[in-house]
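If you want the building blocks of each chain, they are given just below.
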Amino acid sequence: EAGVVQSPRYKIIEKKQPVAFWCNPISGHNTLYWYLQNLGQGPELLIRYENEEAVDDSQLPKDRFSAERLKGVDSTLKIQPAELGDSAVYLCASSPTTAGELFFGEGSRLTVL
Amino acid sequence: GQQLNQSPQSMFIQEGEDVSMNCTSSSIFNTWLWYKQEPGEGPVLLIALYKAGELTSNGRLTAQFGITRKDSFLNISASIPSDVGIYFCAGRTPGGWGKLQFGAGTQVVVTP
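The notes below deal with the structure included here. Computed from a predicted model, the values in this text were never measured in an experiment. (Residues numbered from 1 in each chain as written. Chains lettered and ligands numbered in written order. Predicted model: local features only at pLDDT ≥ 70, side-chain atom pairs only at ≥ 80, totals over all residues. Heavy atoms only, no water.)

**Side note on the interface of chain A and chain B**
Counting residues at the interface gives 25 residues for chain A and 20 residues for chain B. Between chain A and chain B lies a buried interface of about 1,800 Å² when both sides are counted; carbon and sulfur atoms form 51% of it. Joining chain A to chain B, the criterion identifies 0 salt bridges. The tally of links between chain A and chain B comes to 6 residue pairs in polar contact (both at pLDDT 80 or more). Secondary structure elements with two or more residues in the side of chain A that touches chain B: strand E4 (31-37), strand E5 (44-50), strand E6 (53-56) and strand E10 (103-104) of chain A. Here the side of chain A that touches chain B takes 4 residues from E5(A), the largest share from any one element. Residues that form the side of chain A that touches chain B fall into these classes: 10 nonpolar, 8 polar and 7 charged. (Contact = heavy atoms within 4.5 Å. Buried area = accessible area lost by both parts, 1.4 Å probe. Salt bridge = Lys/Arg side-chain N within 4 Å of Asp/Glu carboxyl O. Polar contact = N/O pair within 3.5 Å; in protein donor to acceptor, adjacent residues only side chain to side chain. Helix = DSSP H or I, 4+ residues; strand = E, 2+ residues; numbered from the N terminus. Nonpolar A, V, L, I, M, F, W, Y, C, P; charged D, E, K, R; others polar.)

Following this line, the structure appears as structure tokens:
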């Protein structure tokens, strides 16, 4: 069974440019998460989806970050415009149920110059 | 911000030694998950705990869900070089959407 797939693995952009990350969860997993991981820290939740509904986006900086999961399967996280402080690893995870175990993708490492 | 206190922050041990780490919280959790993350990779689930007092093993790894529901422990026995990585605990609060919170991680370095 394929795991959580994320792309791109690495992205280098200049500040004020837009960037987008894509995630395809494990087949059949209704819950999808986007996490932010700064160097030396644990993952921090940005947004959680139950199917196509964003049920927890309280930690998402909505002035520059947006996310969508239009058909309740794959998801896109966008940053526009990017700032220097956005340099981090963006992790996508999925779980079969709301209270289930989370399975992570390999992450997308963003560097903003 | 994170509400879990994970310790120690890092450990330097010799191959063959046992490793212990723990997480404590000011909140009660109904789930504890332990992950391992290697450089350039996403976290990989090691052990899941769902009941207070539960003791679960996965090979040389053993984790326990604390009786108070506010802590959890992970032990690695007879460490080997491939145990190198950062170990994260994660706890889920009961009720509602059950938000999962992560500790800051314990970096384990194993020397031959």
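**Focus on the environment of A:Asp57**
Tracing the chain through its elements places A:Asp57 in the loop between E6 and strand E7 (65-68). Among residues more than four places away in sequence, those in contact with A:Asp57 are A:Leu46, A:Ile47 and A:Lys62.

**A closer look at the packing of aromatic side chains**
Both the distance between ring centres and the angle between the ring planes are used here to describe each pair of aromatic rings. In the structure shown here, the tally under the stated rule is 9 aromatic pairs over all chains. Ring plane angle 20° and centroid distance 5.1 Å describe the contact between A:Phe21 and A:Tyr90, whose orientation is recorded as stacked. Here A:Phe21, found in strand E3 (residues 19-24), pairs with A:Tyr90, found in strand E9 (residues 88-95); they are 69 residues apart in sequence, far enough to count as distant. For the residue pair A:Phe21 and A:Tyr90, the accessibility class agrees, reading buried in each case. Centre to centre, the rings of A:Tyr35 and B:Phe102 are 5.5 Å apart; their planes meet at 80°, and the pair counts as edge-to-face. Here A:Tyr35, found in strand E4, pairs with B:Phe102, found in strand E10 (residues 100-102), and the two come from separate chains. Both residues of the pair, A:Tyr35 and B:Phe102, belong to the buried class. Put simply, the rings of A:Tyr33, A:Tyr35, A:Phe104, B:Tyr35 and B:Phe102 pair up and form one aromatic cluster. (Phe/Tyr/Trp six-rings, centres within 6.5 Å; stacked < 30°, edge-to-face > 60°. Buried < 20%, exposed > 50% of the residue type's maximum accessible area, 1.4 Å probe, protein only.)

**A word on the sheet that holds E3(A)**
Residues and elements named next belong to chain A. Taken in spatial order, the 4 strands line up as E1-E3-E8-E7 in an open sheet, and their pairing is antiparallel. In the strand order of this sheet, the two ends are held by strand E1 (5-7) and E7, each with one partner. Pairwise comparison of adjacent strand axes, ignoring direction, gives a mean angle of 15° for this sheet. Direction of pairing for E7 relative to strand E8 (residues 75-79): antiparallel, over a ladder of 4 bridges. By the bridge assignment, Glu68 is partnered in E8 with Thr76. (Pairing = 2+ DSSP bridges. Axes fitted to C-alpha atoms, helices over the stretch in contact; angles between N-to-C directions.)

**Some remarks on the sheet that holds strand E1 (residues 4-7) of chain B**
All names here are of chain B. With antiparallel pairing, the 5 strands of this open sheet are ordered in space as E1-E3-E8-E7-E6. Two strands in the sheet have a free side with no partner beyond their single neighbour: E1 and strand E6 (55-58). Strand after strand, the sheet turns through a mean of 15° between neighbouring axes, direction not considered. In the sheet, strand E7 (residues 61-65) pairs with strand E8 (residues 71-76) via 5 bridges, with the strands oriented antiparallel. Note that in E8 the partner of Thr62 across the bridge is Asn75.

**A closer look at the state of the cysteines**
Per the stated rule, a full pass over the model turns up 2 disulfides over all chains. A disulfide bridge connects A:Cys23 with A:Cys92, and the sulfur atoms are separated by 1.9 Å. Its torsion about the S-S bond being -70°, the disulfide of A:Cys23 and A:Cys92 is classed as left-handed. One end of the pair, A:Cys23, is in strand E3; the other, A:Cys92, is in strand E9, with 69 residues separating them in the sequence. Accessibility classification places A:Cys23 together with A:Cys92 in one group, the buried group. A sulfur-sulfur distance of 1.8 Å marks the disulfide that ties B:Cys23 to B:Cys89. For the disulfide bridge between B:Cys23 and B:Cys89, the dihedral angle about the S-S bond is near -90°, and by the sign convention the bridge is left-handed. Taken together, the residues B:Cys23 in strand E3 (residues 19-25) and B:Cys89 in strand E9 (residues 85-92) connect sequence positions 66 residues apart. (Disulfide = S-S within 2.5 Å.)

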